[in-house]
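# Descriptive structure summary
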Amino acid sequence: MAELSNAVDIANAVRNGSVSAVAVLDQYLARIDARESSIHAFNLVTREQARSMAAKVDADVKAGRDPGPLAGVPIALKDNMCTRGVPTTCSSRILDGWKPPYDATVVTRLAEAGAVFVGKTNLDEFAMGSSTENSAFGVTYNPHDTSRVSGGSSGGSAAAVAAGFAAASLGSDTGGSIRQPAALCGVVGVKPTYGTVSRYGLVAFASSLDQIGPFTVDVRDAAVLLEAMSGHDPLDSTSIPQPALSLQASLDRDVKGLRIGRITDLPGGSDSEVEARLAESFDALAAAGATIVDVELPSMKYGLTAYYLIAPAEASSNLARYDGVRYGLRVDAADTNAMYMATRAAGFGDEVKRRIMLGTYALSAGYYDAYYGKALKVRRLISDDFARAYQKADVLLTPTSPIVAFPVGAKVDDPLSMYLCDVFTIPTNLAGHPAMSVPFGTGAHGLPVGVQVLAPTLGESVMFQVAAHLERVAPGGAK
Ligand code: GLN
């Protein structure tokens, strides 16, 4: 794989005039032209828009105006984020032909920071999946081995960065959809604290769990993107009223004295090489003067079950709006009810239908307390477990994914084994905490392994501090 440039270096070079944003863009478009047909990271490459954004950045530099911290950085957007006048499909047929009338807040903020948008990336339909095989538009292949999946649901965004089609990208993470594909594609992926990045203009899957975050080639870039995207947004009622995060100062802080939690009752079943990389990451932190402490999270093993009641319940409600009247696809039929049914039958794929049925069932009158209500109680127990663990530890480490990238088709007929890909990522979404995946060596078949760093609410600084250290000591050499 080619050496990838990072966003900070690109922005610095563009800002000081040593390279033009248009020249940078041309390099990225050339890589897309060379390899996109074998990766399929994008639903749409927005060449013309990218060119005009890059030209504007260059004009600013020429006129002595600073375009911002992401000047000329080619960035790809997951195709569930609204872009004004540019199709936003969620990789679903049901949004056929729909063009949002507004930009998501993250899109506005990155554009204001000087970013250049290169396209909209492929995902599992409505972000439901762990392999990007649930897209209505075909699979995204892993740039490290194109017979394998890129992970999901933000597989296109992860693959775009790993393949050098974009210097960074955005994904959304409801149960692991940033961190798991980041791990499988060997890039950095961050799910911030719930409420840190505005969800305005992110097409909702499960509103109490969804967060937007970055994919980048290194930890510093992720910090810079998050600084640009975060901060209160009055357009999102769950946005935390606080200024943007400030993270770069923590990157060079040494980890001496930090307490790193090892979860003693972590669900098993990971690849042995994944477990070996995790053990090495603990050793590396201990060698740098951190203290490893054992913690227990007894409710973590119920996380997946609770998630598969809560997330589908919210999805069944959120997806009720796609009725053939207001957005995208309409299949005409004899009367309105028949039109709804024909549109939804044709517009949604199997996994989305499965989730809508699961969610509707979990919320139905006779079962609400037994399923949805119970799941909310488990959610609370998981939060309590984390609260106890964070009295003893500053951060926790787990594998991001129990396994490396798997072959395309290997899990499509077995939803449960697909769901298990997120066993280590889902609990943080239920708690609303931040977590990130950092590449840490390789596992089976020489494929990338990610270590997950978890932190308490608004613990992004210490999370980045530890992640930056792991990146410096990762097997295979420092960046
Ligand atoms: N893979 C999980 C699911 O299918 C998580 C998806 C996500 O985070 N959007 O629901």
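That block above? That's the structure.
Residues numbered from 1 in each chain as written. Predicted model: local features only at pLDDT ≥ 70, side-chain atom pairs only at ≥ 80, totals over all residues. Heavy atoms only, no water.

Counting secondary structure elements, the protein contains 15 helices and 13 strands. Whereas a compact globule of 479 residues would reach a radius of gyration of roughly 23 Å, the protein reaches 21 Å, a difference of no more than 12%. If you line up the protein on its principal axes, its C-alpha atoms span 65 × 55 × 45 Å. The burial tally for the protein puts 60% of its 479 residues in the buried class. On the protein, the mean spot of the 41 positive side-chain charges and the mean spot of the 49 negative ones are 3 Å from each other. (Helix = DSSP H or I, 4+ residues; strand = E, 2+ residues; numbered from the N terminus. Rg over C-alpha atoms; globule rule 2.2 N^0.38 Å. Buried < 20%, exposed > 50% of the residue type's maximum accessible area, 1.4 Å probe, protein only. Lys, Arg positive; Asp, Glu negative; His and termini not counted. Charge placed at Lys NZ, Arg CZ, Asp CG, Glu CD.)

Structurally, Leu-4 can be placed in the segment before helix H1 (7-15). The spacing of Leu-4 and Arg-65 is 61 residues in sequence and 28 Å in space, taken between C-alpha atoms. Excluding its chain neighbours within four sequence positions, the residues that come into contact with Leu-4 are Val-161, Ala-162, Ala-163, Gly-164 and Val-217. (Contact = heavy atoms within 4.5 Å.)

Turning our eyes to something else, we now look at the site of the ligand. Near the ligand lie 15 residues; those nearest to it are Gly-175, Ser-177, Tyr-307, Arg-355 and Asp-422. Within the side chain of Ser-130, one N or O atom sits 2.9 Å away from a nitrogen atom of the ligand. Arg-355 has a polar side-chain atom sitting 2.7 Å from an oxygen atom of the ligand. When the ligand sits alone it has 290 Å² of accessible area, and the protein chains cover 100% of it. Given that more than half its atoms are within 2 Å of the pocket grid, the ligand belongs to the largest cavity. (Near = heavy atom within 4 Å. Polar contact = N/O pair within 3.5 Å; in protein donor to acceptor, adjacent residues only side chain to side chain. Areas by Shrake-Rupley, 256 points an atom, 1.4 Å probe, with all protein chains shown as cover. 1 Å grid on protein atoms, 1.4 Å probe; cavity = no way out; pocket = protein on both sides within 12 Å on 5 of 7 lines; lining within 4 Å. Sits in = over half its atoms within 2 Å of the grid points.)

As enumerated under the stated definition, the model contains 14 aromatic pairs in all. Seen in terms of ring centroids, Tyr-367 and Tyr-371 are 5.8 Å apart; in terms of plane orientation they differ by 40°. Their pairing is tilted. Taking relative accessible area as the criterion, Tyr-367 reaches 37% and is therefore assigned partly exposed. An aromatic cluster is defined as three or more aromatic residues linked by ring pairs; in this entry it consists of Trp-98, Phe-126, Tyr-322, Tyr-327 and Phe-348. (Phe/Tyr/Trp six-rings, centres within 6.5 Å; stacked < 30°, edge-to-face > 60°.)

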